[in-house]
Each structure stands twice: as structure tokens, then as C-alpha cells.
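Breakdown of the fold
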Amino acid sequence: MDEDERLVSGESFGENEDQTELSLRPTTLSQYIGQDKIKQEVSVYIQAAKDRQEPLDHVLLYGPPGLGKTTLAGVIANEMGVTFKTTSGPAIEKPGDLVALLNELQPGAILFIDEIHRLPKNVEEILYSAMEDFYIDIIVGQDATAHPVHFPLPPFTLVGATTRAGLLSSPLRARFGIVEHMKYYTDSELAQVVLRSAEVFDSQIDPLGAAEIARRSRGTPRVANRLLKRVRDFAQVAQKKSIDEEIVQYALKLLQVDQQGLDETDRKLLRTMIELYGGGPVGLSTIAANIGEETDTVADMIEPYLMQSGFIKRTARGRMVTPAGYEHLGLRPNEKKN
């Protein structure tokens, strides 16, 4: 078995991560916190596929980054009792790369492609027949020696993940039988994530401390775990036996994470829109240029939570700061911060 292909049993999964990070990942649906609707539906699909002794239908998971799409893909593989191979759209540069991946799959295996919207077009087209009929046709050789080669494939399940479902082509999206939208977590769900992660870290944390971290984690487990790690450092240096609400508030103040989970970059975006463009409307590329970030970073990492929180909104003419966004900065419309 390859280094990047393993049977997902009771052990953690993933690549290029240390063991502590790996241990944060649940391996069963019962351990997986949040996304209850998806878990309920997926558990039915998994049981039905196992009863029929068939591979699970292809799955598309979409939603903001950090919500656990990769983790859920691994959990599905574990629940199905099959091998789990992971890659990403940008890593598959040419058809030969995809052929090599598919050729190594065992029957029933799950192939996880993160950022699937970034697959090259010529690679995506080969994927169509692989997903529908489990074969691929490629041309081997050049000029007079060129000839088609038919490759049958073992039945497999493709699990695709994307933060931008709208960029998927209609033919590719139509080939996914299971499409699930992953949503932001509630504060109570994130508090459960923090408590579980603290246990993995062998750190003591009280419920109020966990709730405070959860409240500032932007509805995202990845952010919650990152903040927990940093707060744990502060608690250790302060010789705290337990991570309490006081040390959480102290640490996050120094880290410039406010009560709503906004960091300095978020506030910079809001201030830029207000001070330079009167609160909008303003285009995404203009905002990105002004705050020194890539357009994709703003669209995928910053803007979704600001919209979810009601601080900015999209209009036909561009992005605009809402009254709630002004209020969060202590401003009123047509008023600039000194």
C-alpha cells in the first residue's frame, strides 16, 4: 500500500500533519461533531451501500473552508471500511496524473479531491467516464503511432470538496449523486469541539473558557482549534492549571480577535470600504488590492464570515457595509474613524 493510501480504521488520517493535529480528527460519524443533517443522511447512504455490497455513490461536499470536509471524507471511508486516497485539484496537472491515481485504487476505494473546482478542464473531461462507467480512454503515442487505449477501473467513490461550488461545471456537478452543503457551526457545537480538542491535548479547560473560544471562532472548527492552541500557550506561561474564561479573554485580546471573532484583517477590510469608498458599493478586486490580499483569499477566507455575520452584503453593483458593520466598528454611516 502506498504511503498516501491507507485503510482508515480506528486510526487518524491525513498527510503532512503532526500526530497531535491528526488526533484531532474524528474517525466515526458518532465522534464527528456538528453537521447533524449531513451525518443523518450520509449514515443512511453508507448503510444502504454496505447492504447492497456496492460502492457509495459519488459525494460532493461544499462550503466555507475549515468546516471539516476532509475529515468527513475520511470518516466516510472509515465507516465504509475501504481505503482512502487523497489529493487536490491543483496537484492533478495533466490527464496522466489522474490516470495514475485511478489505476492505483482498490475496489470500493474512496478518492478524495480537495479544491475540485480547480481541476484542469482536460483532466475533468476524463473524469466523466471514470465516474459514470468506471473506465477511461486515453490516446497513447504521437502522430502515426497514436492509438486509443481503454482502461477499465474498479468501482470507486469520488468525494470532491470545494469552497466555491459555483465554479464547478454543470457536467461534473451532475455526476455527483450525493451533494451536501456544509454550514457554519453553532457556538454550542464549537464548544464541544473545543472540549474534545482540549482532551486530546491533555489540557484542562472549564466550560466558560471553552464557550468563550467557541464564540470567537467564526463558526469554524479549524479556527476554534487554532485559537485553543494559542490560548493554551498563554495559560501554560501564566501557570494556569485550567484554561478559564479570564485567560481566554486576555489571550484573544492580545491576538486582536474581538468578541465577534473578527481579526485585524477583517476590521481592515471594513474600515477600507468605509473610509475609502463610503461603505460601498465596491468591487471584490478593488477591496483585495486595497488590503493587500489575493482576490481568492478575500472571497474564500474573509468575505463569507463577514456576510454570514451581517457586516457586509452583496449587491448588483458590488459589496456594501451594512449598518451592523458600522456599529461593530463604533461608527455610523457617513462617519469616518479618526
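Residues numbered from 1 in each chain as written. Predicted model: local features only at pLDDT ≥ 70, side-chain atom pairs only at ≥ 80, totals over all residues. Heavy atoms only, no water.

- Looking up the protein chain in an unreviewed UniProt entry gives the name Holliday junction branch migration complex subunit RuvB, with the organism given as Ligilactobacillus salitolerans.
- Looking at the Subcellular location (unreviewed entry) heading of the UniProt record, one finds this comment for the protein chain: "Cytoplasm".
- What the UniProt record of the protein chain gives under Sequence similarities (unreviewed entry) is the line "Belongs to the RuvB family." (UniProt positions renumbered as here; feature names shortened; annotations may be inferred.)

1. Looking at the layout of surface pockets
- By volume, the second largest pocket is sized at about 440 Å³.
- Around the second largest pocket, the lining is made up of 19 residues, and of these Gly 63, Pro 64, Thr 163, Pro 304 and Arg 314 lie nearest the centre.
- Among the elements that line the lining of the second largest pocket, the one with the most residues is helix α13 (residues 295-308), at five residues.
- Across the lining of the second largest pocket, the residue classes tally to ten nonpolar, five polar and four charged. (1 Å grid on protein atoms, 1.4 Å probe; cavity = no way out; pocket = protein on both sides within 12 Å on 5 of 7 lines; lining within 4 Å. Points joined across faces, edges and corners; volume = space filled by probe spheres on them. Helix = DSSP H or I, 4+ residues; strand = E, 2+ residues; numbered from the N terminus. Nonpolar A, V, L, I, M, F, W, Y, C, P; charged D, E, K, R; others polar.)

2. Considerations on the packing of aromatic side chains
- Using the criterion set out here, one finds four aromatic pairs in the structure.
- Ring geometry for Phe 84 and Phe 112: centres 6.2 Å apart, planes at 25 degrees, overall stacked. Placement of Phe 84 in strand β3 (residues 83-88) and of Phe 112 in strand β4 (residues 110-114) is noted, with a sequence separation of 28 residues between them.
- Relative to Tyr 250, the ring of Phe 234 has its centre 6.2 Å away and its plane inclined at 85 degrees; by these criteria the two rings are edge-to-face. Here Phe 234, found in helix α9 (residues 221-237), pairs with Tyr 250, found in helix α10 (residues 245-254); they are 16 residues apart in sequence, far enough to count as distant.
- On the basis of relative accessible area, Tyr 250 is assigned to the partly exposed category, the value being 48%.
- The side chain of Arg 173 reaches across the aromatic face of Tyr 62, ending 5.5 Å from its centre.
- A cation over an aromatic ring shows up here: Arg 175 above the ring of Tyr 128, its NZ or CZ 4.3 Å from the ring centre. (Phe/Tyr/Trp six-rings, centres within 6.5 Å; stacked < 30°, edge-to-face > 60°. Buried < 20%, exposed > 50% of the residue type's maximum accessible area, 1.4 Å probe, protein only. Lys NZ or Arg CZ within 6 Å of the ring centre and 35° of its normal.)

3. Examining unusual backbone geometry
- In the segment running from Gly 280 into Pro 281, the intervening peptide bond is cis, with an omega of 10 degrees.
- Locating Pro 281 in the fold gives a position in the loop between α11 (264-277) and α12 (284-291).
- Although it is not a glycine, Arg 218 sits at a positive phi angle of roughly 60 degrees.
- Among the structural elements, Arg 218 can be located in the loop between α8 (207-215) and α9.
- With a phi angle near 60 degrees, Gln 239 is a residue other than glycine that sits in the positive phi range.
- Inspection of the secondary structure assignment puts Gln 239 in the loop between α9 and α10.

4. Examining the UniProt feature "binding site: ATP" (unreviewed entry) in the protein chain
- As recorded in UniProt, the feature "binding site: ATP" (unreviewed entry) lies at Leu 24, Arg 25, Gly 66, Lys 69, Thr 70, Thr 71, Glu 132, Asp 133, Phe 134, Arg 175, Tyr 185 and Arg 222.
- Relative to the helices and strands, Lys 69 is located in helix α3 (residues 69-80).
- Residue classification places Lys 69 among the buried positions, given a relative accessible area of 7%.
- Residues within four places of Lys 69 in sequence aside, it is in contact with Leu 61, Tyr 62, Gly 63, Pro 64, Phe 112, Ala 161, Thr 162, Thr 163 and Met 182.
- Engagement of the side chain of Thr 71 in a polar contact is seen with the side chain of Arg 25, the distance being 2.6 Å. (Contact = heavy atoms within 4.5 Å. Polar contact = N/O pair within 3.5 Å; in protein donor to acceptor, adjacent residues only side chain to side chain.)

5. What to know about the packing of α8 against α10
- Taken N-terminus to C-terminus, the directions of α8 and α10 make an angle of 25 degrees; their axes are 7 Å apart at the nearest point. When the axis of α8 is compared with that of α10, the two are roughly parallel. Residue-level inspection shows Leu 208, Gly 209, Glu 212 and Ile 213 of α8 in contact with α10, the latter providing Glu 245, Val 248 and Gln 249.
- Grouping the constituent residues of the contact of α8 with α10 by class yields three nonpolar, two polar and two charged. (Axes fitted to C-alpha atoms, helices over the stretch in contact; angles between N-to-C directions. Parallel < 35°, antiparallel > 145°, perpendicular 65-115°, else oblique.)

6. Focus: the environment of Phe 156
- Structurally, the position occupied by Phe 156 is in the loop between β6 (147-152) and β7 (157-162).
- By relative accessible area, which is 1% here, Phe 156 ends up buried.

7. A word on helix α7 (residues 187-200)
- Over its 14 residues, α7 extends 20 Å from the first C-alpha to the last, a length consistent with the 20 Å expected when each residue adds 1.5 Å.
- Taken residue by residue, α7 has Glu 189, Leu 190, Ala 191, Val 193, Val 194, Ser 197 and Ala 198 as its buried positions.
- Summarising the contacts, the buried residues of α7 are in contact with α2 (36-52), α8 and α9.
- Asp 202 lies just past α7 and shows a positive phi near 60 degrees. (Expected span 1.5 Å × (residues − 1).)

8. Looking at the pattern of salt bridges
- What the rule picks out here adds up to 21 salt bridges.
- For the salt bridge of Arg 164 with Asp 296, the shortest nitrogen-to-oxygen distance reads 3.0 Å. Of this pair, Arg 164 sits in the loop between β7 and α6 (170-174) while Asp 296 sits in helix α13, and the two are 132 residues apart along the sequence.
- When the shortest N-O distance is used, the salt bridge between Lys 240 and Glu 246 registers 3.5 Å.
- Judged by its relative accessible area of 55%, Glu 246 is exposed.
- Connected through shared salt-bridge partners, Asp 258, Glu 264, Arg 267 and Arg 271 make up one network. (Salt bridge = Lys/Arg side-chain N within 4 Å of Asp/Glu carboxyl O.)

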